[in-house]
Amino acid sequence: MTDNSYQAVMARKNDIMRSSLGLDYDQFNLSPIAFDYEAMMNSSGYSLEEITAIQRETKVGGTPLHELRRLTEAVRRISEPGKGARILVKDEAANASGSFKARRASISAFEAQSKGFKGMVTATSGNYGAAVASQAAQRNLKCIVVQEVYDSQRIGQPEIVEKSRACEAYGAEVLKLTVGPELFYVLLRTLEETGFFNASLYTPFGILGVETLGAEIGEEVQARYGKSPDVVVVTNAGGGNLTGTARGLRRVGAEETTVMAVSVDLSGLHMASDTAFNNKSFTTGHTGFGVPFATWPDRVDVPRNAARALRYMDGYHLVTQGEVFYLTELLTKMEGLERGPAGNTSLTAAVALARQMDEDQIIVVQETEYTGAGKHHNSQLSFARSRGIEVRRGDPADNVPGRTIVIPERLDQVAGKPLDLERMRASYIKHAASVLPVDQWSEVDINFLAEDANTTSEHVQEIAAGLGAGGATSTGRN
Ligand SMILES: Cc1ncc(COP(=O)(O)O)c(C=O)c1O
């Protein structure tokens, strides 16, 4: 009889991963810290053209790129003379299932089908569940989504409830869990019992699927405006959106484009906490995911994460919940586009950043997502009020995550604030030191860390030296 205790299942996790993915991560490992990232990304063997062709089979990609003329004019009116970049938005809501996550699910579904799997399993409470379900449906595969939906009172955040509904609408079976550590256990057991494909968000397939998004943006802007975008703003959580987009931009020669990460500032709210879980109005694209994943990407459900945002980001901007709600209204009322929270997070930062940029520059908001039901800002605000959170108009600097949502009164109050990348790098290096003591790092480790933290090997050594002898303690990864 198989031992299905927590410890026994965790002990089998590498075998379960190997058979549910058909990918052996051990071949890329160079040390407890370093691995050959590009070899892993290239191991699938797909070219960009092949990925594009696979995506077109299931209604993914080729989404419109819109110029937001009225919003650009509004920003110019509140900017210094000569300032106010042209704002463009890539309308990813046009993908099957309504978000860029379809790009990510599409290659996994193709792989699962070609390798003869009967179905796909994914653990996510995000748009990705609906994307996997929609892609599975089109390839005649079964789909199981494992979701953290409820707190211990069985109350579900409206957006997560909407995401469960969407998964079921596309034909998936949804295993609805309360917040807690059992998610990974249930995922492993489900993979083992069904023998289905592991459609993890963090495999090379997922990230390759997003590269088409960066490539489309780069090529379309080059064709229409005769140059690459100056800035692309990307809503960041687990880091796949940013990683894939940045890699795609590079593939089409947009090396000079600044890639800016954006998250909603939820500092002070603890994501694993039963109460804080429902006291936030955003379920993705926030600092509760964005910061920990950027500073230690391998905290995921596969041995090596293909999403490595810190490698690719040139800056990080934070916005408040109230500012995003305000921009959600403006996008609807001025541009006639009613879209969802995650894309509007980067739109909010784009407005703040465009004010500092010259008029002849171009800033691209890299995605929209669909909206409706619990994703709608009115549902979120009603839910927040019902939990005792104050909602008012005023200066967005007064937002306090989990306590007060302040919706700006005027566009010139929308500013957000930068997050210091140096602090992120230091945190990343500290994590690495807890996996392998600094005095045991080889040149391979240091070079890997330099690439992963988007800096030089000298700088990695400086940061590591600053950690002191106590920097290196624990032994294992994950
Ligand atoms: C619509 C949308 N945008 C952005 C993100 C953030 O993507 P990532 O987790 O890859 O950083 C998500 C992830 O949940 C999403 O669903």
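Since this is a predicted model, take the numbers as computed values, not measurements.

Caption draft 1: View of helix α9 (residues 182–194). Over its 13 residues, α9 runs 18 Å from end to end, which matches the ideal 18 Å to within 8%, given 1.5 Å per residue. Buried residues of α9: V186, L187, L188, R189, T190 and L191, and no others. Of the surrounding elements, those touching the buried residues of α9 are α1 (6–11), α2 (13–21), β3 (119–123), β4 (142–150), β5 (173–178) and β6 (197–198).

Caption draft 2: Spotlight on the site of the ligand. Taken together, the neighbourhood of the ligand is formed by 15 residues, with K101, R104, N127, A237 and E367 sitting nearest. Contact between the ligand and G240: an oxygen atom at 2.9 Å from a main-chain N or O atom of the residue. Within the complex, 96% of the 390 Å² of free accessible area of the ligand lies under protein. Those elements giving two or more residues to the shell around the ligand turn out to be α6 (101–114) and α11 (240–251). Of the residues that constitute the shell around the ligand, the class distribution is three nonpolar, eight polar and four charged.

Caption draft 3: The packing of aromatic side chains, seen in detail. For the structure shown, the criterion picks out ten aromatic pairs. On the numbers, 6.3 Å between centres and 75° between planes, the contact of F289 with F293 is edge-to-face. Residue F289 and its partner F293 are located together in helix α12 (residues 287–295), separated by four residues, close to a single helical turn. With relative accessibility at 30%, the residue F289 sits in the partly exposed group. The class for F293 is buried, based on a relative accessible area of 14%. An aromatic cluster is defined as three or more aromatic residues linked by ring pairs; in this entry it consists of F35, Y37 and F448.

Caption draft 4: Region of interest: the pairing of strand β7 (residues 231–235). Of all five residues making up β7, five are buried, and the element is well covered by its neighbours. A two-sided burial pattern is seen for β7, the buried positions comprising V231, V233 and T235 on one face and V232 and V234 on the other. Relative to strand β8 (residues 258–264), β7 runs parallel, the two being bridged by five bridges. In the strand pairing of β8, V232 is matched with V259. The parallel pair β7 and β8 is bridged by α11, and the resulting crossover is right-handed. As paired strands, β7 and strand β10 (residues 362–365) are joined by three bridges and run parallel to one another. If you follow V233 over to β10, its bridge partner there is V365.

Calculation rules
- Residues numbered from 1 in each chain as written.
- Predicted model: local features only at pLDDT ≥ 70, side-chain atom pairs only at ≥ 80, totals over all residues.
- Heavy atoms only, no water.
- Helix = DSSP H or I, 4+ residues; strand = E, 2+ residues; numbered from the N terminus.
- Expected span 1.5 Å × (residues − 1).
- Buried < 20%, exposed > 50% of the residue type's maximum accessible area, 1.4 Å probe, protein only.
- Contact = heavy atoms within 4.5 Å.
- Near = heavy atom within 4 Å.
- Polar contact = N/O pair within 3.5 Å; in protein donor to acceptor, adjacent residues only side chain to side chain.
- Areas by Shrake-Rupley, 256 points an atom, 1.4 Å probe, with all protein chains shown as cover.
- Nonpolar A, V, L, I, M, F, W, Y, C, P; charged D, E, K, R; others polar.
- Phe/Tyr/Trp six-rings, centres within 6.5 Å; stacked < 30°, edge-to-face > 60°.
- Pairing = 2+ DSSP bridges.
- Right-handed = clockwise from strand over helix to strand, strands pointing away.

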